[in-house]
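Survey of secondary and tertiary structure
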Amino acid sequence: MKILVTGTGGREHALAWACAKDDKVTTVFVAKGNAGTAHEPKLCNVDLDISDHKAVIDFCQKEEIAFVVVGAEAPLVAGITDDLTKAGIKVWGCSKYCSQLEGSKAFAKEFMQAINVPTAFYQVFTQTDGAKAFVKEKGTPIVIKADGLAAGKGVIVAMTETEAFAAIDDMLSGNKFGEAGSRVVIEEFLAGEEASFICMIDGDNILPMATSQDHKRIFEGDKGANTGGMGAYSPAPVVTADVHDKVIERVIRPVVDEMKRRGTPYTGFLYAGLMIDDNADPYVIEFNCRFGDPETQPIMMRLKSSLVDLILAGLDGHLPKTADWHDDVALGIVLASRGYPDSSSSNDVITGLPQVGSVEKVKVFHAGTKQGDNGQILTNGGRVLCVTALGKDVAEAQARALQACGTIAFDGIQYRRDIGWRAIGR
């Protein structure tokens, strides 16, 4: 069996690695992959332009691909699932219509409001004057979001009116996020503890993945600018059995039922970014229509079931209700390049990877890396690596991951040493 995974990041490395563990699989092609997927057993990078849907279809037909796993959000929003499906190619990823849950913050908020999914109050703006008047009326802290895709960076939590106004100006006037920020969603600041709740959905059946919590801020103590994610761990203690049931009942099931009612069944991964308040009630901060990054890395480390079998069951509309998971905690720390998240650096030589590769219960997933001359591996983006480790608890997993991080070096390296701090504090 041959599989195609689309994307270049740590999420795609982890998904491809998990698929390759299945004995039925001979090759997992990764388009376009990175230096990590280039060296992983049974993985093969392919120079395929994912935005060229005809080229992807031709490749899948030529290689007799069993199914495609769409890693990142942009191809979903561009309708790759619809086009592959029309061509008779099986694909694990939601339709273009369903992808609006991630592709448009305004669509997602309107959708949630229509089916009474708990979320923050909001309003949508295309003009700065109205947006600023809304901020003045509601007060701060308040959240400013670019409506479209912004690689996880289009969310500003403004603690003061000055910060809010600056964010509005950046998005609506300064064009900081391009078309994605041509309209903004301004919404209530929700207090509580965040969690990532990711499911596999086959149009009707829901299979929850292991719970997780990611750390989006660049600095320790969850301070500084939002990033695509500086680390994550699984499971997340804040998602108790009670909270888990509430999320399924109040969030996931209503979304699945409504998409089915609209004639556009949801198939693929669905990620609900949640805020859990002091009453253990979940509120949706955002939806993503794919696996989270860096949550994928620790979650795949814990998955005992065959990911391939789960996807095949989902494609047939027979997802099981549960999967098998290792009892160990998994924790991943992102090693980022100089300047991230505002900028990134490339072509810095990475050292220490061979030493870490032989360490038990540690796996390094590549993201922003590429192959250099003389066998060197170089940085090639903002988030470079995710060093992921298993442990009997969060503290042990964190210590093991940090020890491995200390072995790896490249010019400008930056990473947080407190990933999982909330769970350890419990």
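Structural notes, computed from the coordinates. Note that this is a predicted model, so its numbers are computed, not measured. (Residues numbered from 1 in each chain as written. Predicted model: local features only at pLDDT ≥ 70, side-chain atom pairs only at ≥ 80, totals over all residues. Heavy atoms only, no water.)

**Quick look at the overall build of the protein chain**
As a reminder of what qualifies: Put simply, DSSP marks the helices as runs of H or I at least four residues long and the strands as runs of E at least two long, and each gets a number from the N terminus on. Using a 1.4 Å probe on the protein chains alone, a residue whose accessible area is under 20% of its type maximum counts as buried, one over 50% counts as exposed, and one in between counts as partly exposed. Throughout, a contact is declared for two residues whenever any of their heavy atoms are within 4.5 Å. Surface accessibility follows the Shrake-Rupley procedure with a 1.4 Å probe radius. Residue values consider only the protein chains on display as shielding.
Across its full length, the protein chain holds 15 helices and 23 strands. Principal-axis analysis of the C-alpha atoms places the extent of the protein chain at approximately 60 × 50 × 40 Å. Per-residue burial for the protein chain yields a buried fraction of 59% across its 426 residues. Partitioning the intrachain contacts of the protein chain with sequence separation of at least 6 by distance along the chain shows that 69% fall at a separation of at least 24. Accessible surface for the protein chain amounts to roughly 16800 Å². Of this, 48% is attributable to carbon and sulfur atoms.

**Notes on the sheet that holds strand S12 (residues 213-214)**
The criterion, for reference: Only strands joined by at least two bridges in the DSSP assignment are considered to pair.
If you trace the five strands from one edge of the open sheet to the other, you get S12-S15-S18-S23-S20, paired in antiparallel fashion. Bordering the open sheet on either side are S12 and strand S20 (362-366), each of which pairs with just one other strand. Here eight bridges tie strand S18 (residues 329-336) to strand S23 (residues 383-391), and the two strands are oriented antiparallel to one another. The residue of S23 that forms the bridge with Ala 336 is Arg 383.

**Let's talk about the packing of helix H8 (residues 128-138) against helix H9 (residues 161-173)**
Inclusion rule: Only the stretch in contact is used when fitting a helix axis, every axis being a line fitted to C-alpha atoms; angles between N-to-C directions are given from 0 to 180 degrees. Angles are sorted into four bins: roughly parallel if under 35 degrees, roughly antiparallel if over 145, roughly perpendicular if 65 to 115, and oblique for all others. Should the near helix be turned anticlockwise from the far one by less than a right angle, the crossing is left-handed, and should it be turned clockwise, the crossing is right-handed.
Here H8 crosses H9 at 160°, and the two axes come no closer than 10 Å. Classed by the angle they form, the pair H8 and H9 counts as roughly antiparallel. Between H8 and H9 lies a crossing whose hand is right-handed. In this structure, H8 contributes Thr 128, Ala 131, Lys 132, Val 135 and Lys 136 to the contact, and H9 contributes Glu 161, Ala 164, Phe 165, Ile 168, Asp 169, Leu 172 and Ser 173.

**Some details on the environment of Phe 134**
Here Phe 134 shows up in helix H8. Along the sequence, Phe 134 and Ala 74 sit 60 residues apart, while their C-alpha atoms lie 30 Å from each other. Filtering out sequence-adjacent residues up to four positions away, Phe 134 remains in contact with Phe 121, Tyr 122, Gln 123, Phe 125, Ile 142 and Ile 186.

**Concerning the sheet that holds strand S10 (residues 193-202)**
Across the sheet, which stays open at both edges, the four strands sit in the order S11-S10-S16-S17 with antiparallel pairing between neighbours. Each edge of the sheet is formed by a strand with only one pairing partner; in this case those strands are strand S11 (206-208) and strand S17 (282-288). Shown here is a sheet whose adjacent strand axes are inclined to one another by a mean of 35°, direction ignored. Bridge count between strand S16 (residues 267-276) and S17: six bridges; the pairing is antiparallel. The partner of Ala 272 across the bridge, within S17, is Phe 287. Helix H10 (residues 241-261) rests against S10, S11, S16 and S17 of the sheet, and its axis sits at about 50° to S10.

**Details of the environment of Gly 79**
Considering the arrangement of structural elements, one finds Gly 79 in the loop between helix H4 (73-77) and helix H5 (80-86). Given the relative accessible area of 3%, Gly 79 is considered buried. Separated by 255 residues in the primary sequence, Gly 79 and Val 334 place their C-alpha atoms 30 Å from one another. Discounting chain neighbours no more than four positions away, the residues touching Gly 79 are His 53 and Lys 96.

**Regarding the packing of aromatic side chains**
Defined as follows: Note on aromatic pairs: the rings of Phe, Tyr and Trp (six-membered ring only in Trp) are paired at centre separations within 6.5 Å, and the planes decide the class, stacked below 30 degrees, edge-to-face beyond 60, tilted for the rest. Sitting over a ring, as applied to charges here, requires NZ of Lys or CZ of Arg to be within 6 Å of the ring centre and within 35 degrees of the ring normal.
In this structure the tally under the stated criterion is eight aromatic pairs. Pairing Phe 29 with Phe 59 gives two aromatic rings, centres 5.1 Å apart and planes at 85°, and the pair type is edge-to-face. Of this pair, Phe 29 sits in strand S2 (residues 27-32) while Phe 59 sits in helix H3 (residues 53-63), placing them 30 residues apart in sequence. Neither residue differs from the other here; Phe 29 and Phe 59 are each classed as buried. By the ring-pair criterion, three or more aromatic residues cluster together here, those being Trp 92, Phe 269 and Phe 291. The ring of Trp 17 carries the charged tip of Lys 21 above its face, separated from the ring centre by 4.2 Å. Between the NZ or CZ atom of Lys 138 and the centre of the ring of Phe 121, over which it lies, the distance is 4.8 Å.

**Digging into the pattern of salt bridges**
Heads up, the condition is: Within this document, salt bridges are pairs made up of a side-chain nitrogen of Lys or Arg and a carboxyl oxygen of Asp or Glu, the two lying within 4 Å of each other.
Summed over the entire model, instances satisfying the criterion amount to 32 salt bridges. A salt bridge links Arg 253 to Asp 257; the shortest N-O distance between them is 3.0 Å. Within this pair, Arg 253 and its partner Asp 257 are both found in helix H10, separated by four residues, close to a single helical turn. Given the relative accessible area of 38%, Asp 257 is considered partly exposed. Between Arg 338 and Asp 411 there is a salt bridge; the shortest N-O distance is 2.8 Å. Note that Arg 338 is positioned in the loop between S18 and strand S19 (345-350) and Asp 411 in the loop between helix H14 (394-405) and helix H15 (421-425), a separation of 73 residues in sequence.

Keep in mind these numbers describe shape, not what the thing actually does.
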